[in-house]
Amino acid sequence: MKSPLVTTAWLERHLNERDIRIVELRGKVLPPTEPPPHYFTDRAGYEEAHIPNAVFVDWQVDIVDPGSPSGDVAAPERFAALMGALGIGKDTRVVIYDNAASMFACRLRWALRYYGHENVFILDGGWDKWLAEGRPVSADRPQVESRKFVPRVNARLKAAEEIMTGIEAGNMQVIDVRSPAEYAGAASRARHGGHIPTAISIPRKTMVADDQTVETAHNLRKRFAANGVALDASDTVIYCNSGVSASFGMLALELAGARNLRLYDGSWKEWGNDGATPKETGA
């Protein structure tokens, strides 16, 4: 499997190649116990300094459906228009980074793959590692030549209403990457707390190394095995609150060797706000 990660050294060597588009998604998420708002985009940080030739995407606005309360992915036409305006076409290699241990970057990676663009990579360690290593930065906005982006939906990467059937039949492995408190129901970003029945708790932060890179494949396999995750499951669905952290979980599972992975796009903000869905509490 070709790695979905690139290193900071690799990107510095390839900064000026015409077929590479570098995309930044910077921001932060506060814990659910803090008073709202919890979600922030840092466009000002990008304008002050960013990796040379990087363009900016607002992870809360640009790649989501404006009418979705749970932040579902943007409709094909909306997504394609943005990608085309950013200069991303069928032959473009996309390298994405953020300042949040790659969870925002992974969300865009998943969205690109969902719409058929597989030539996409995550800068391992992101902005923090780039700065710590003293690599070049710029305040200039790159001049981008628009390209045609043709969305081709890969429905296999997304899960929705079939989750209920899957857990009732016992043929779907469900993984919750939210915090332990959210999994147990002690905190929630939705009307109801708890987790989807049968879900295995693997918090996103346990998949991140101290330097904000993704944990090694070896360490990830050990962690997943210790928590009863089957990498060879025929159907694994990952969720969080709105499909952002879960996209990082999908990346980590890929690195560990898992296949047949799907993202629950609506995640807990959809499930937890629905009074009819079953919910469990406790660790």
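Residues numbered from 1 in each chain as written. Predicted model: local features only at pLDDT ≥ 70, side-chain atom pairs only at ≥ 80, totals over all residues. Heavy atoms only, no water.

Undergrad: Could you give me a rundown of the sheet that holds strand β2 (residues 20-24), with the residues and numbers involved?
TA: Sheets are built from strands paired through backbone hydrogen bonds, the pairs being either parallel or antiparallel. If you walk across this open sheet you meet the 5 strands as β1-β7-β6-β2-β5, and the pairing is parallel. At either end of the open sheet lies a strand with only one pairing partner, and these are β1 (5-6) and β5 (54-56). Relative to β5, β2 runs parallel, the two being bridged by 3 bridges. Residue V23 lies in a different strand from β5, and its bridge partner there is V55. (Pairing = 2+ DSSP bridges. Helix = DSSP H or I, 4+ residues; strand = E, 2+ residues; numbered from the N terminus.)

Undergrad: Now, about unusual backbone geometry: what can you tell me, with residues and values included?
TA: In the segment running from P36 into P37, the intervening peptide bond is cis, with an omega of 5°. Along the chain, P37 falls in the loop between β3 (27-29) and β4 (39-41). The phi dihedral of N53 falls on the positive side, at around 75°, and the residue is not glycine. Looking at the secondary structure, you find N53 in the loop between α2 (43-48) and β5. Of note in this structure, T198 is not a glycine but carries a positive phi near 80°. As for its position among the elements, T198 is in the loop between α7 (180-184) and β10 (200-201).

Undergrad: Please set out the sheet that holds strand β9 (residues 173-176) residue by residue, giving values where relevant.
TA: Here 5 strands make up an open sheet; going across it, the order is β8-β12-β11-β9-β10 and the pairing parallel. Strands at the two margins of the open sheet, each flanked by one partner only, are β8 (158-159) and β10.

Undergrad: Give a detailed account of the packing of aromatic side chains, specifying residues and quantitative values.
TA: Summed over all chains, the structure comprises 10 aromatic pairs. When the ring of F79 is compared with that of F149, the centres are 5.8 Å apart and the planes differ by 70°; the resulting orientation is edge-to-face. With F79 in helix α3 (residues 76-85) and F149 in the loop between α5 (126-132) and β8, the pair connects residues that are 70 residues apart, well separated along the chain. Relative to Y114, the ring of W110 has its centre 5.1 Å away and its plane inclined at 10°; by these criteria the two rings are stacked. With W110 and Y114 both in helix α4 (residues 103-114) and 4 residues apart, the pair spans about one turn of that helix. Its relative accessible area of 2% is what places W110 among the buried residues. Cluster of aromatic residues (ring-pair linked, three or more members): F79, W110, Y114, Y115 and F149. If you follow K28 out to its NZ or CZ, it ends over the ring of F40, 5.5 Å from the centre. (Phe/Tyr/Trp six-rings, centres within 6.5 Å; stacked < 30°, edge-to-face > 60°. Buried < 20%, exposed > 50% of the residue type's maximum accessible area, 1.4 Å probe, protein only. Lys NZ or Arg CZ within 6 Å of the ring centre and 35° of its normal.)

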